[in-house]
Amino acid sequence: SWIVLGLINAGFNVRILTRRAEEAETMFGLDGSNVDVFVGDLNNDADVKEAVDGSVAVVCASGSRNPVGANSYKSVDFEGVQRLVRYAEESLLKKFVLISCNRSNSFLGNSSKWKRRGEDC
C-alpha cells in the first residue's frame, strides 16, 4: 500500500490489479478517484492483459503466503510474475519494477525457490 500511496502523492495515475476491490477502495478511495481498480488475478491472462494495456510502467509487489492451491508460491510468485512480464513486454512498457523479498533461509522451502524463479523472469 505504501507503494501506491507514494505513486499517487508523486502525481502518477495508478492502476491496481487486485482480487479484493473493497480493500483497495478502503485504502485508496473509490475506483476512478485516486486509482483505477482492476479486479482480477495474476493467474488469469485476460485480467493481467487488461490491467497492463495502456500503462507506461508496472510495479509488481505481489506475493503469496500459501504453499499450495490457486494462490500458491508457484502460481503467484513465479507464474503470475512470468505472465505479468510477458504482457508488459507485449505492450512495450517503458519500465518494469519487481519488488521481491527472496529469502534464502532454508525454513522457507519452496517459497524462496519460486520467488527466485519469478525474479529470473
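In what follows, the structure referred to is the one given above.
These notes cover the structure that comes with them. (Residues numbered from 1 in each chain as written. Predicted model: local features only at pLDDT ≥ 70, side-chain atom pairs only at ≥ 80, totals over all residues. Heavy atoms only, no water.)

Here we look at the packing of helix 3 (residues 45-52) against helix 4 (residues 73-90)
Our working rule: To obtain an axis, a line is fitted to C-alpha atoms, over the contacting stretch when the element is a helix, and the angle between two such axes runs from 0 to 180 degrees between their N-to-C directions. Note on conventions: DSSP H or I runs of at least 4 residues are helices, E runs of at least 2 residues are strands, and numbering of each starts at the N terminus. Oblique is the label for any angle not covered by the other classes, which are roughly parallel (under 35 degrees), roughly antiparallel (over 145) and roughly perpendicular (65 to 115). Each crossing gets its handedness from the near helix: less than a right angle anticlockwise from the far helix is left-handed, clockwise is right-handed. The contact definition used throughout considers only heavy atoms, calling two residues in contact when any of these lie within 4.5 Å. Residue type decides the class: Asp, Glu, Lys and Arg count as charged, Ala, Val, Leu, Ile, Met, Phe, Trp, Tyr, Cys and Pro as nonpolar, and the leftover types, Gly among them, as polar.
One can describe the packing of helix 3 onto helix 4 by two numbers: an axis separation of 9 Å at closest approach and a directional angle of 45°. Classed by the angle they form, the pair helix 3 and helix 4 counts as oblique. Here helix 3 and helix 4 pass one another in a crossing that is right-handed. Contact with helix 3, carried on its side by D45, V48, K49 and V52, involves R83, L84, R86, Y87 and A88 of helix 4 and no other residues of that element. Classifying every residue of the contact of helix 3 with helix 4 by side-chain character gives five nonpolar, no polar and four charged.

What to know about the side chain of S75
Rule in force here: Pairs of N or O atoms within 3.5 Å make up the polar contacts considered here, provided that, within protein, one atom can donate a hydrogen while the other can accept it, and that residues adjacent in sequence are counted only when both atoms are side-chain atoms.
As for its placement among the helices and strands, S75 is situated in helix 4. Here the side chain of S75 touches A70 through a polar contact of 2.7 Å, landing on its backbone oxygen. Beyond its immediate sequence surroundings of up to four residues, S75 is in contact with N43, G69, A70 and G80.

Topic: the packing of aromatic side chains
Worth spelling out the cut-off: Only the six-membered ring of Trp is used, alongside the rings of Phe and Tyr, when aromatic pairs are assigned; centres must lie within 6.5 Å, and planes under 30 degrees apart are stacked while those over 60 apart are edge-to-face, with the rest tilted. Lysine and arginine charges are scored as sitting over a ring when NZ or CZ, respectively, is within 6 Å of the ring centre and within 35 degrees of the ring normal.
The tally for this structure, following the rule as stated, stands at one aromatic pair. The positively charged end of R117 is found above the aromatic ring belonging to F78, 4.3 Å away from the centroid.

Considerations on the pairing of strand 4 (residues 95-98)
What counts is decided by this rule: Two strands qualify as a pair provided DSSP detects at least 2 bridges between them. By convention, orient the strands away from the viewer: a clockwise path from the first strand over the helix to the second makes the crossover right-handed.
Direction of pairing for strand 3 (residues 57-60) relative to strand 4: parallel, over a ladder of four bridges. Bridged to V58 within strand 4 is F96. Crossover handedness for the path strand 3 to helix 4 to strand 4: right-handed.

Observations concerning empty space enclosed by the protein
Note the threshold: The method works on a 1 Å grid over the protein atoms by themselves. A cavity is a set of points holding a 1.4 Å probe that cannot get out, a pocket is an open set with protein on both sides within 12 Å along at least five of seven lines, and residues with an atom within 4 Å of a point line them. Grid points are joined across faces, edges and corners, and a volume is the space filled by probe spheres set on the points.
Per the stated rule, a full pass over the model turns up one cavity of 30 Å³ or more. Of the pockets and cavities examined, the largest cavity occupies roughly 40 Å³. Around the largest cavity, the lining residues are S62, D77, V81, L98, S100, K115, G118 and E119. Looking at the lining of the largest cavity, the elements with two or more residues in it are helix 4 and helix 5 (110-119). Element by element, the count of residues in the lining of the largest cavity is highest for helix 5, at three residues. The residue makeup of the lining of the largest cavity, split by class, is two nonpolar, three polar and three charged.

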